[in-house]
Amino acid sequence: SSSSGNMDVLDMRDLLGGASHTGTNPGNIADFLHFDHSGSDTIIHVSTTGGFASGYSSAVENETIVLKGVDLTANGSQTDAQIITQLLTSGQLHLH
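No experiment lies behind these values; they were computed from the predicted model shown. (Residues numbered from 1 in each chain as written. Predicted model: local features only at pLDDT ≥ 70, side-chain atom pairs only at ≥ 80, totals over all residues. Heavy atoms only, no water.)

Draft legend 1. Representation of the sheet that holds strand β4 (residues 63–67). The antiparallel open sheet is built from three strands, whose spatial order is β2-β3-β4. Of all the strands in the sheet, just β2 (33–38) and β4 have a single pairing partner and so form its edges. With direction set aside, neighbouring strand axes in the sheet form an average angle of 20°. The pairing of strand β3 (residues 41–46) with β4 spans five bridges and is classified as antiparallel. In the sheet register, Ile43 faces β4, and the bridge partner there is Val66. (Pairing = 2+ DSSP bridges. Helix = DSSP H or I, 4+ residues; strand = E, 2+ residues; numbered from the N terminus. Axes fitted to C-alpha atoms, helices over the stretch in contact; angles between N-to-C directions.)

Pasting the structure below:
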């Protein structure tokens, strides 16, 4: 939750040790997270080693998070960097 009320937060501190960003700039977080839209859900693909630096590859994915009934992708139209920026701006992604 936040001081402005209750909201969902993705706490990735234990998964993304090598991820870095400054403020709401996504930095290298997209090397670790890839977002897909499936039906009414968002699937977050995670590479704890930053293996998505050259783009998403299931070969380096080692965690998957499904957000049921949540579309972070604007029906598949937003990039990973746009979604990450939105999550950082709203305080819904914690890395430190």
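Past the structure itself, the notes keep going.
Draft legend 2. Examining the pattern of salt bridges more closely. Taken as a whole and assessed by the stated rule, the structure comprises two salt bridges. Residues Asp11 and Arg13 are paired through a salt bridge, measuring 2.3 Å at the closest nitrogen-oxygen approach. A salt bridge links Lys68 to Asp41, with the shortest nitrogen-to-oxygen separation between them at 3.9 Å. In this pair, Lys68 sits in the loop between β4 and α1 (80–89) while Asp41 sits in strand β3, placing the two residues 27 residues apart along the sequence. Taking the relative accessible area as the measure of exposure, Lys68 reaches 66% and is therefore exposed. On the basis of relative accessibility, which here comes to 15%, the residue Asp41 falls in the buried class. (Salt bridge = Lys/Arg side-chain N within 4 Å of Asp/Glu carboxyl O. Buried < 20%, exposed > 50% of the residue type's maximum accessible area, 1.4 Å probe, protein only.)

Draft legend 3. Up close: the nonpolar core. Ranked by internal contacts, the top residues of the largest apolar core, which has 18 residues, are Met12, Leu16, Ile29, Leu33, Phe35, Ile44 and Leu93. Of all the secondary structure elements, the ones that give two or more residues to this core are β2, β3 and α1. The leading source of residues in this core is α1, at four residues. Excluding anything up to four places from it in sequence, Leu33 contacts Met12, Leu16, Ile44, His45, Val46, Phe52, Asp80 and Leu93. (Core = buried A, V, L, I, M, F, W, Y, C linked by side-chain atoms within 4.5 Å. Contact = heavy atoms within 4.5 Å.)

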